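Below, each chain spelled out in residue letters.
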Amino acid sequence: MLELFRNPKNLGKIKDADASATAGSLACGDMITIYLKVDEKTEKIIEASFESYGCAANIAASSILTELIKEKYLQEAWKISWKQVSDELGGLPSIKLHCGILAVGALRRAIRAYYKNRERPEWLPEELTPEERQALEEEELMNILGKKMRAVSTKPSEKEV
Amino acid sequence: MLELFRNPKNLGKIKDADASATAGSLACGDMITIYLKVDEKTEKIIEASFESYGCAANIAASSILTELIKEKYLQEAWKISWKQVSDELGGLPSIKLHCGILAVGALRRAIRAYYKNRERPEWLPEELTPEERQALEEEELMNILGKKMRAVSTKPSEKEV
Amino acid sequence: MIGNLSSNLRALIEAHGRPEREVYLDLENSGLIFEEALNELLKSYRESGYGHPSITHKPGWSSLELLLEAKENLLSFIKARDGEVVFTHSGTEANNLAIMGLAKATPNRRKIIISSIEHLSVKFPAERLQELGFRVMEIPVDDEGFVNLDYLSDQIDEEALMVSVAAINHEIGTVQDLRAIADVVRDKDPETIIHTDACDALGRTPLDFGKLEIDIASFSGHKIHAPKGVGALYVRDGIKLEPIIHGQLSSQSLWPGVENIPSIAGFSKAIEIFRENFDNYREKMKNLRDILIGGILSQIDDAFLNGPRGDRRAVDNVNVSFLGCEGEALTVELSLRGVYVSSGSACTSRTLEPSHVLLAIKRPYEIAHGSILMKTSPLHGEKDIEYALGQLVKAVERVRSIAPKGVV
Amino acid sequence: MIGNLSSNLRALIEAHGRPEREVYLDLENSGLIFEEALNELLKSYRESGYGHPSITHKPGWSSLELLLEAKENLLSFIKARDGEVVFTHSGTEANNLAIMGLAKATPNRRKIIISSIEHLSVKFPAERLQELGFRVMEIPVDDEGFVNLDYLSDQIDEEALMVSVAAINHEIGTVQDLRAIADVVRDKDPETIIHTDACDALGRTPLDFGKLEIDIASFSGHKIHAPKGVGALYVRDGIKLEPIIHGQLSSQSLWPGVENIPSIAGFSKAIEIFRENFDNYREKMKNLRDILIGGILSQIDDAFLNGPRGDRRAVDNVNVSFLGCEGEALTVELSLRGVYVSSGSACTSRTLEPSHVLLAIKRPYEIAHGSILMKTSPLHGEKDIEYALGQLVKAVERVRSIAPKGVV
Ligand SMILES: Cc1ncc(COP(=O)(O)O)c(C=O)c1O
Ligand SMILES: Cc1ncc(COP(=O)(O)O)c(C=O)c1O
């Protein structure tokens, strides 16, 4: 895992990406952007890359995920779970599982982005998958917390049961 | 104090003692016997000795007490307090104060014993002094505890608030 | 306590001079340390274990590695098939966590059952819980300290939160039949949690938590010649405890604050040493124990052994009472002769009552007051024990010579 | 936590190779040790401090002597005129004893007042007491972490059990005005107890408990380069606490179990070293701190100092945020370069929330996540700090290079 942090594979922006998406935010403390280059005809991923603001596990998870999806059909890539990402890394500690979830969340958003102006294939569900929902929830939570914080009154906070 | 434990002064029975008394008991874990030889005319203590079943502080306290009362009039000896005994030893730790009290208790009992068949002098109060009372209380407590223990039923003891 | 005063202490210590030999037998109260365990501690401070095991840098990871290794070592020594180890800073803390932590986590069961000879770090937390509305039942023991299984059985019902019985009693060396205790408990109520204070059992008797139906067990480092500052609680999978001390999340949610990795590394080493030499060490301790007990009973009048004999007694435990010989005075007399032991006499406990353990096995007060506790260890040789025995004979004679006559 | 898995740890550690230099700056989480303090610990294990200080024999008295000396040393270093010292096994335990022990002893006052930036070993026990019916008030702080004295004053009444404010904040180095805090409290209600968590203040700022009206104070050994496994609580005469851990009476009724004398002896030594070199060490730490802070702010873009500046800041504290540079990744990157620091980022705390201290001084989340905490010490030299600075510059650059662009 440290090796992937040290020498991550597929790091950086793809300038002429066919799709890209971000999950997480600076405020969350974790943020992953995934870039995809897709063969229009076969719907195969030709190139994948990432950028990450997050801990070492986050970077390793993004790196391994982009490795996993290369040369895969979008339909196959869609099915990759955070569990697979974790397994590939030799098992993420529970405290780090959300890194895998976030990476998968970003990938699925990118795939959805790819189909934004194209016809939605059957295998692509309309509802959000758990990974996408978790990414969304983290972002929203931080939004709320951020607002709450800005609104912090200068009154002493009394906590009672 | 250790020196007095190592080489106690005035240790042992006085065979032809004019008075002797014991305070404490084996069950208390502390027991001191004081022996006095008194000049009949002057009521001066000519010789004093002790035996002790108890901790090192107990032995030291008895030893120093018998030193203190030598060549003293009984009236003076009566006034010696456990505080003085403690001070002579360089200050007994609080947990050991009862050793001093026990020693003084035994001495006062011996002085009372001396006057048992003699006329009670004015300076000798009829009521027990605190030191004598404490010795008595310890003995009684142990009596009660001892009985209670022998009566310990084999039933599980339930303790409730 | 003679001279609990700073100014006298120096004089007290110097008065000892240089005895012919020094033999430390007070392993109940504080341990000797394996040189190898001390070296492990040193290495940890200097090289690899000075970090905080939750932090993501090399000293942190090295510390985490030592921590995980130590947990594995303990789990494998006690043959646990599953479960977690929480490191505390002492056996006392482990016992407190076991009892108060369990009561917090399962407040609906309100009866705590302990034997009448438990260590005070089990007895007092239980009594503290009484103030919070729990009931504490003390199971009586026989004259050798063995728990009365019928009474135990009678007490188990669906109100019973836990049963706590030490695998080996610290004072009189009773080796309880944990298997039988667990059977009795499980038979009446499979939900009652079983805790054993194994501080004195580790390394002295085989423990097989794979077979024994024990849920929680406490251990103490200095009891196996490890550094001070480390205790451990084994908690079987599925058993829930609440923390009783609160603070920064460490790698252990049940005991916050930075782990004492150097002491833990030393503990781990001591476990290895005990595991590798298990039969050997047991044989050695037992042999020394029997020389000491045999010598005392044959050479000193009015001496009584407290606790069971033979294989039902801990291999290291020697607890004897000398009638008419006050215990604390004897510890001082022996100290002057280079032999270090402790006594269960009244003076140290601030009350007139001697050890609750000796009273529970129905020793009269006068015998309890004259009790002396010693433990043999693999760090002792026969010469040590023979020296101690010789001094003991003389010391008892001397202390008795001070006592009022006709006492014995 | 990268690879919290035994099998990966070895690889992780070995991947580091041999960096040019190693500089340990994570003194917040775990200390370096003075070689002299370590030697004192060794001597204690081998010669004079392996006994139990309540037992009446030579090793016991030697241990008691070391214990009493250590108490004296601490009392004189903090210039206390009266009062007692209780040794625990950590600063966390000392804080728990202060707060929960006081609440147990004085249950009729039910309001606990703490600042909003207290260490979790103060904050969490207070919150635990809430569950038992106490009320906890958090006093807000300004952008530099200084307690709002007006709000504090408003909260003090005859319901107030205690006020707890750390002398120096562990994360952002705020040196509180304890004198002013005490005046405010005493003015409104002389009976309210004042506690200060002085774990990070000892040795860093002059403490004069003869003049300061502080009733209880906590200390931690590893924070002053002493061995682990020792904390201390100063309790002024007349203040009553109840124990929170129960067991055998040791020489200390407030913390049962055998005292860790070797660690205590090492702590005592570290106190002596800090006392003898007080001005010198302070100057040195401050100098190194300023080199580090100055270098960071001038050489790295979008870097922010958290906490106050100059003399109102702890002499050793360096806490900076790098925008667009996630903290935990930075700790790993720095570790590979031989520089060991910690981050207040979310990942270590199992929640998405960064440090409550940084939020209390109203740092936005995106700044709080990129925070790095370092402390200088007398054990560092200028070369160490320069090396760390150089690596920091490169590490921030590298971690930022991985992040989505346009973030900064
Ligand atoms: C049976 C038993 N339990 C608990 C303890 C307490 O362990 P510690 O001294 O590590 O607090 C001891 C040791 O004194 C013990 O003998
Ligand atoms: C201010 C403060 N209080 C308490 C503690 C806890 O001390 P310890 O690590 O000894 O438990 C620390 C140290 O981490 C601290 O910085």
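Residues numbered from 1 in each chain as written. Chains lettered and ligands numbered in written order. Predicted model: local features only at pLDDT ≥ 70, side-chain atom pairs only at ≥ 80, totals over all residues. Heavy atoms only, no water.

Opposite the 80 residues of chain C that make contact, chain D presents 80 residues. Between chain C and chain D the total buried area reaches about 6700 Å² when both faces are included, carbon and sulfur atoms providing 65% of it. Run the count over chain C and chain D and you get 6 salt bridges. At the surface where chain C touches chain D, the tally comes to 24 residue pairs in polar contact (both at pLDDT 80 or more). Those elements giving two or more residues to the side of chain C that touches chain D turn out to be helix H1 (6-14), helix H2 (35-48), helix H3 (58-77), helix H4 (91-105), helix H5 (120-131), helix H8 (261-276) and helix H10 (327-336) of chain C. (Contact = heavy atoms within 4.5 Å. Buried area = accessible area lost by both parts, 1.4 Å probe. Salt bridge = Lys/Arg side-chain N within 4 Å of Asp/Glu carboxyl O. Polar contact = N/O pair within 3.5 Å; in protein donor to acceptor, adjacent residues only side chain to side chain. Helix = DSSP H or I, 4+ residues; strand = E, 2+ residues; numbered from the N terminus.)

What follows is about the relation of the copies chain C and chain D. Rotating chain C by 180° about the axis while translating it 0.0 Å along that axis superimposes it on chain D, leaving an RMSD of 0.0 Å. Between the two chains, the operation in question is that of a two-fold axis. Minimal C-alpha distance to the rotation axis in chain C is attained by Gly229(C), lying at 2.8 Å. Residue by residue, 100% of the interface of chain C is reproduced at the interface of chain D, so both copies engage with the same surface. (Least-squares fit on C-alpha atoms with pLDDT ≥ 70 in both.)

Residues in close proximity to ligand 1 total 15 residues, the closest being Thr92(C), Asp197(C), Asp200(C), Ser220(C) and His222(C). Site remark: ligand 1 is flanked by residues from chains C and D. The side chain of Ser220(C) places a nitrogen or oxygen atom 2.7 Å from an oxygen atom of ligand 1. Between His222(C) and ligand 1, the recorded distance is 2.7 Å, taken from a side-chain N or O atom to an oxygen atom. Against a free-state accessible area of 390 Å², the protein chains account for coverage of 96% of ligand 1. Judged by the fraction of its atoms near the pocket grid, ligand 1 is located in the second largest cavity. No other element matches H4(C), which puts 3 residues into the shell around ligand 1. Class assignment for the residues of the shell around ligand 1 results in 2 nonpolar, 9 polar and 4 charged. (Near = heavy atom within 4 Å. Areas by Shrake-Rupley, 256 points an atom, 1.4 Å probe, with all protein chains shown as cover. 1 Å grid on protein atoms, 1.4 Å probe; cavity = no way out; pocket = protein on both sides within 12 Å on 5 of 7 lines; lining within 4 Å. Sits in = over half its atoms within 2 Å of the grid points. Nonpolar A, V, L, I, M, F, W, Y, C, P; charged D, E, K, R; others polar.)

Residues and elements named next belong to chain D. Across its 16 residues, helix H8 (residues 261-276) extends 22 Å between first and last C-alpha, which sits within 8% of the 22 Å expected from 1.5 Å per residue. Inspection of H8 places Ile261, Pro262, Ser263, Ile264, Ala265, Gly266, Phe267, Ser268, Ala270, Ile271, Ile273 and Phe274 among the buried residues, and these make up the whole buried set. Along its buried surface, H8 packs onto helix H2 (35-48), helix H3 (58-77), strand E2 (84-88), strand E7 (216-220), strand E8 (231-235) and helix H9 (278-299). (Expected span 1.5 Å × (residues − 1). Buried < 20%, exposed > 50% of the residue type's maximum accessible area, 1.4 Å probe, protein only.)

Take the pattern of salt bridges next. Side chains that differ in sign of charge can pair as their charged atoms come close. A complete count under the given rule lists 75 salt bridges over all chains for this structure. As a salt-bridge pair, Lys83(B) and Asp87(B) come within 3.2 Å of each other at their nearest N and O atoms. Here the residue Lys83(B) and the residue Asp87(B) both occupy positions in helix H4 (residues 82-88), the gap between them amounting to 4 residues, near one helical turn. With a relative accessible area of 44%, Lys83(B) lands in the partly exposed category. Overall, Asp87(B) belongs to the partly exposed group, its relative accessible area being 46%. Measuring nitrogen to oxygen at the nearest pair gives 3.1 Å for the salt bridge that ties Arg186(D) to Asp215(D). With Arg186(D) in helix H7 (residues 178-188) and Asp215(D) in the loop between strand E6 (193-197) and E7, this pair connects stretches of sequence that are 29 residues apart.

As a further point, take the environment of Leu74(D). Residue and element names in this part refer to chain D. By secondary structure assignment, the location of Leu74 is in helix H3. The sequence separation of Leu74 and Arg289 amounts to 215 residues, and the corresponding C-alpha distance is 26 Å. In contact with Leu74, other than residues within four places in its own chain, are Val85, Leu202, Phe219, Ala232 and Ile271.

Residues and elements named next belong to chain C. Segmentation of chain C into domains returns domain 1 (2-30 + 278-402) and domain 2 (35-276). Centre-to-centre, using C-alpha coordinates, domain 1 lies 27 Å away from domain 2. Taken together, the contacts link 32 residues of domain 1 with 34 residues of domain 2. Taken together, the connections running from domain 1 to domain 2 amount to 4 salt bridges. A salt bridge links Asp200 to Lys375; its shortest N-O distance comes to 3.3 Å. Summed over the shared surface of domain 1 and domain 2, the result is 15 residue pairs in polar contact (both at pLDDT 80 or more). Breaking the side of domain 1 that touches domain 2 down by element, the ones donating at least two residues are helix H9 (278-299), strand E10 (317-322), helix H11 (356-360) and strand E13 (371-375). Considered class by class, the residues forming the side of domain 1 that touches domain 2 number 14 nonpolar, 9 polar and 9 charged. (Domains from an automatic or database assignment.)

Counted by the stated rule, this structure contains 7 cavities of 30 Å³ or more. Every residue lining the largest cavity is counted, 33 residues in all, and those nearest its centre are Val258(C), Thr92(D), His119(D), His222(D) and Lys223(D). When residues in the lining of the largest cavity are grouped by element, the largest group, 3 residues, is from helix H4 (residues 91-105) of chain D. For the lining of the largest cavity, the residue count by class is 7 nonpolar, 20 polar and 6 charged. Reported here for the second largest cavity is a volume of approximately 280 Å³. Along the walls of the second largest cavity sit 22 residues, with Glu28(C), Thr92(C), His119(C), His222(C) and Lys223(C) positioned nearest its centre. (Points joined across faces, edges and corners; volume = space filled by probe spheres on them.)

Below, the discussion takes up the pairing of strand E2 (residues 84-88) of chain C. Residues and elements named next belong to chain C. Of all 5 residues in E2, 4 are buried; the element is thus mostly enclosed. Judged from the 5 bridges that link them, E2 and strand E8 (residues 231-235) form a sheet pairing that is antiparallel. When the sheet's bridge partners are listed, Glu84 is paired in E8 with Val235. (Pairing = 2+ DSSP bridges.)

On to the sheet that holds strand E1 (residues 19-25) of chain B, then. Residues and elements named next belong to chain B. The 3 strands are arranged E1-E2-E3 in an open sheet whose pairing can be described as antiparallel. Two strands in the sheet have a free side with no partner beyond their single neighbour: E1 and strand E3 (44-53). Going from strand to strand, the sheet's axes swing by 15° on average, the running direction of each strand aside. Strands strand E2 (30-39) and E3 of the sheet are contacted by helix H2 (residues 56-69), whose axis makes an angle of about 175° with E3. (Axes fitted to C-alpha atoms, helices over the stretch in contact; angles between N-to-C directions.)

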